[in-house]
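# Observations on the model geometry
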Amino acid sequence: MELPNPLSHAYLITGGGGDSRAALANRLTAAYLCEGERPPCGACRACRKVSAGTHPDVSRIAPAPGKREIAVDQVRALRADAYVRPNEGKRKVYILDPADAMNPSAQNALLKVLEEGPAYAAFLLLADQPGRLLDTVRSRCEPLTLPPETPAPDPELQAQAAALAEVLLTGDELSAARALVELELQKPKSDQLSALLAEVEAQTSRRLTAHPQRGAKVLRALKACRDSAVFNPGAGLTLGLLVTSIF
Ligand SMILES: [Zn+2]
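In what follows, the accompanying structure is described. (Residues numbered from 1 in each chain as written. Predicted model: local features only at pLDDT ≥ 70, side-chain atom pairs only at ≥ 80, totals over all residues.)

### Re the overall build of the chain
In plain terms, the rule: Helix and strand assignments follow DSSP, with helices taken as H or I runs no shorter than four residues and strands as E runs no shorter than two, numbered in order from the N terminus. In this treatment the radius of gyration is a C-alpha quantity, and the globule benchmark scales as 2.2 Å times the residue count to the 0.38 power. Contacts here follow a simple rule: the backbone-placed C-beta atoms of the two residues must lie within 7 Å.
Of regular secondary structure, the chain possesses 10 helices and 5 strands. By the compact-globule yardstick of 18 Å for 247 residues, the chain is too spread out, its C-alpha radius of gyration being 26 Å. Sequence separation of at least 24 residues holds for 73% of the intrachain contacts in the chain that already meet a minimum separation of 6.

As structure tokens, then:
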């Protein structure tokens, strides 16, 4: 995600996953404190300290060990700290992660400093469930919403899908039938098979230019397989029908 420019003093970071929200917060923090020409440059002293987690003007607020909530005392301490000028940077950055762990009194305590804190103070609120935040808190932050995370592709599944796409696109009827029988014998679970066929479909689409006619047939057959009772592992799956509709 491209960072906003100019930076606002408060962001509510939602969407994505915990790691991607934290990564975005770190980039923003570096951008606030960077001493280079194109913040965050990643190379200056401030950027390096942010990525090492040692910058004295960055505070992270999370529930205390063993607690589920960010308590009002923690936010009061933040507020007091915010009125002390930065140690070495031009800003002070407060990362509340997860901000939706603040209980209502903690949120109310944050409101005032969000609204009229010193100009150098910046606040990054990370939330998985922003609905838990008071409207008044949300409305004082610029929203930054990350796209949903897609799970990392499973290399084994991809290799299996590639082999299957290959035989369906370029092989003969017999080798295709053999590959599918082999697949049936592995007795894949319904969701595994769906994931595999979806990947075969994706790989076939990418190779349509090279195999326009067979490719279109394979895609149609896979779609029919997905849409109909043909693909019903519980009731004995009949991947073989894929072959008859392709060749
Ligand atoms: Zn920098």
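There's more to say after this.
### Some details on the packing of helix α1 (residues 18–33) against helix α2 (residues 45–52)
Short version of the rule: To get an axis, a line is fitted to the C-alpha atoms, and for a helix only the part in contact is used. The angle between two axes follows their N-to-C directions and goes from 0 to 180 degrees. For classification, angles of less than 35 degrees are called roughly parallel, those exceeding 145 degrees roughly antiparallel, those between 65 and 115 degrees roughly perpendicular, and all remaining angles oblique. We call a crossing left-handed when the near helix sits turned anticlockwise from the far one by less than a right angle, and right-handed when that turn is clockwise. Under this grouping Gly is polar, as are all residues other than the nonpolar Ala, Val, Leu, Ile, Met, Phe, Trp, Tyr, Cys and Pro and the charged Asp, Glu, Lys and Arg.
Across the interface, α1 lies against α2 with an axial gap of 9 Å and an inter-helix angle of 150°. Considering the angle they form, α1 stands roughly antiparallel to α2. α2 is crossed by α1, and the crossing has right-handed handedness. Contacts between α1 and α2 involve Asn26, Thr29, Ala30 and Leu33 from the former and Ala46, Cys47, Val50 and Ser51 from the latter. Of the residues in the contact of α1 with α2, the class split is 5 nonpolar, 3 polar and no charged.

### Section: the packing of helix α6 (residues 155–170) against helix α8 (residues 190–206)
Put simply, α6 and α8 touch, their axes get as near as 8 Å, and they point 60° apart. Overall, the two elements α6 and α8 adopt an arrangement that is oblique. You can see that α6 and α8 cross each other, and the crossing is right-handed. Residues Leu157, Gln158, Gln160, Ala161, Ala162, Leu164, Ala165 and Leu169 of α6 form the contact with α8, whose own contacting residues are Ala195, Leu196, Glu199, Val200, Gln203 and Thr204. Residue classes in the contact of α6 with α8 are distributed as 9 nonpolar, 4 polar and 1 charged.

Structural measurements only, silent on function.
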